[in-house]
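Residues per chain are reported as follows:
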Amino acid sequence: MTVTELTRELVSIPSYEDETEAGDFIEEWLEREVGGDATIIRDEAGNVIARKGDPAAETLALVGHHDVVEPATPQVRQEDDGEYVVEERDGRLYGRGTADMKGAVAAAMLAFRDAEPAGELAVASFVGEEVGGVGARHAIDEGFAPEYAVVGEGSTGYSSPGVTDVAVAHKGRRGSTITARGVAAHASEAEAGENAIYWATEAVSLVRDLEPPAVEVADETLEGSVVVTEIDGGTAMNVVPDCCEVTVDERTVPGERAPLERVEELEGVEWTVDQDLPPMECTDEAFAETVFEAVDAAQPVAPELVTKPHATDAGWLAAAGTACVVCGPAEPGEAHTETESVSIDVLERCRAIYRQVAESWLA
């Protein structure tokens, strides 16, 4: 089976909101293709994790996820049971999940099957990455702790078009809510109340004045951001509002956070963190160099060490102590779009990269 064929099969399986069928396919493929040479588990969350090689050695994991975001109407066959559309043209595969990230999962599965690993090799396809890393967090809580990981999210086209790079850091995302609480009153007697919107706007002003953090990684400045994205307050035109909520989107960087907690110093203001996807930075230079060399050998143009603006499951793994890099076929602007696609040549390239890393990383 080629990487194109395996990607096509994976992409055709619906896995938005329910990843069961895609997980079944991955588990059954591994059992059929690798069989007794590997230990294969399907955990309670639905993650599929397989291991082979020397269990006494350090572990390298090839990591991906088989859930996808909601497909656009043209990406679903309407005349059958909702199978996803996969089309091949101009050297690319088109369909929901081709880039993010079933193509990389297929490349990792084939590399896992074919590699003679230097130590212990694992392949892991998680559920729930698109909804906050549910699968990765479950696996980590249950003891998944590889020393090293290559996460197959997109790293192609960052330094120049068509070139696969190695991402050694990425931003995280912290989403939070600022709640201002006042006292309702009739608007004709505004002095009898306490206007929650006024207090909320003071908090918004404070957020606007915060300096987003930035760090230097791989000769790049990785800059965070803090943005107010929603505001909701008031019940009627003639009522002084007693509550106002403000949503904040913050892009975090390794080791630094904006001091959003300062809003709680304001009267009547509370601050709640709703989601916190961690950033990632690979501080193991030797591992990053091993992956870099494998990528360099797999393509005619030299790669670069780069950073990514998006959070991935590498953040959860790095927070748990795994040395991670991100290396995969997807290009910027492909994921989550109605025209999502991936290059077949780059899929083949990533298959070769993953196998080379698996066979050389301990050396």
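Coordinates for the structure precede this section.
The structure contained in this document is the topic of the report that follows. For clarity, every value in this text was computed on a predicted model and none was experimentally measured. (Residues numbered from 1 in each chain as written. Predicted model: local features only at pLDDT ≥ 70, side-chain atom pairs only at ≥ 80, totals over all residues. Heavy atoms only, no water.)

So, on to the pairing of strand β19 (residues 323-326). The two faces of a sheet get side chains in turn, since along a regular strand they alternate between them. Residues Ala323 and Val325 of β19 are buried on one face, and the alternating residues Cys324 and Val326, pointing to the opposite face, are buried as well. Summarising the sheet, strand β7 (residues 148-151) and β19 pair through four bridges and their orientation is parallel. Paired with Val150 across the bridge in β19 is Val325. (Buried < 20%, exposed > 50% of the residue type's maximum accessible area, 1.4 Å probe, protein only. Helix = DSSP H or I, 4+ residues; strand = E, 2+ residues; numbered from the N terminus. Pairing = 2+ DSSP bridges.)

Okay, the nonpolar core next. Among soluble globular proteins, nonpolar side chains are generally buried collectively. Within the largest apolar cluster, 61 residues are counted, with the highest numbers of intra-cluster contacts made by Leu30, Leu60, Val150, Phe287, Val325 and Tyr354. Sorting elements by how many residues they give to this core places helix α3 (residues 98-114) first, with ten residues. Ignoring sequence-local partners within four residues, the contact set of Tyr354 consists of Leu62, Ala104, Ala107, Ala108, Ala111, Val150, Gly152, Cys327, Gly328 and Pro329. Residues Ala124, Ala139, Leu277 and Leu317 belong to the second largest nonpolar core, which totals 21 residues. (Core = buried A, V, L, I, M, F, W, Y, C linked by side-chain atoms within 4.5 Å. Contact = heavy atoms within 4.5 Å.)

For the structure on display, the rule yields three aromatic pairs. Between Phe126 and Phe144 the ring centres are 5.8 Å apart and the planes differ by 90°, which places this aromatic pair in the edge-to-face class. Remark: Phe144 occurs in the loop between α4 (134-141) and β7 and Phe126 occurs in strand β6 (residues 120-126); sequence separation between them is 18 residues. No difference in accessibility class separates Phe126 from Phe144, as the two residues are buried. When the ring centre of Phe112 is taken as origin, the NZ or CZ atom of Lys52, which lies over that ring, is 5.3 Å away. Here the basic side chain of Arg137 rests over the ring of Trp316, its NZ or CZ set 4.9 Å away from the ring centre. (Phe/Tyr/Trp six-rings, centres within 6.5 Å; stacked < 30°, edge-to-face > 60°. Lys NZ or Arg CZ within 6 Å of the ring centre and 35° of its normal.)

Next up on the list: the pattern of salt bridges. With the rule as written, the count across this model stands at 19 salt bridges. Of the charged contacts in the structure, one is a salt bridge between Arg92 and Glu331, with a shortest N-O distance of 2.6 Å. Separated by 239 residues along the polypeptide, Arg92 in strand β5 (residues 92-94) and Glu331 in the loop between β19 and β20 (341-343) bring together distant segments of the chain. Using a relative accessible area of 16% as the deciding quantity, one classes Arg92 as buried. Salt bridges here are not isolated pairs; linked through shared partners, they connect Arg32, Glu33, Arg113, Asp114 and Arg351. (Salt bridge = Lys/Arg side-chain N within 4 Å of Asp/Glu carboxyl O.)

This part covers the side chain of Ser12. Looking at the element boundaries, Ser12 is found in helix α1 (residues 3-12). The residues contacting Ser12, other than those within four sequence positions of it, are Glu83, Tyr84 and Val86.

Here we take up the side chain of Lys171. Within the secondary structure, Lys171 sits in the loop between β8 (166-170) and β9 (172-181). In this structure Lys171 is buried but unpaired, with Glu223 as the nearest side chain of opposite charge at 6.6 Å. Among the polar contacts made by the side chain of Lys171, one reaches the main-chain carbonyl oxygen of Glu223 at a distance of 2.7 Å. (Lys, Arg positive; Asp, Glu negative; His and termini not counted. Polar contact = N/O pair within 3.5 Å; in protein donor to acceptor, adjacent residues only side chain to side chain.)

Glancing now at the sheet that holds strand β13 (residues 225-233). As summarised here, the arrangement of the four strands in space is β13-β15-β9-β16, forming an open sheet in which the pairing is antiparallel. Both edges of this open sheet fall to β13 and β16 (269-277), since each of them pairs with a single strand only. When the angles between neighbouring strand axes are averaged without regard to direction, this sheet yields 20°. By the bridge criterion, eight bridges tie β9 to β16 in an arrangement that is antiparallel. By the bridge assignment, Ser176 is partnered in β16 with Val273. Along the sheet, helix α5 (residues 196-209) contacts β9, β13, β15 (243-252) and β16; its crossing angle with β9, the most-contacted strand, is approximately 150°. (Axes fitted to C-alpha atoms, helices over the stretch in contact; angles between N-to-C directions.)

Just distances and angles here, no functional claims.
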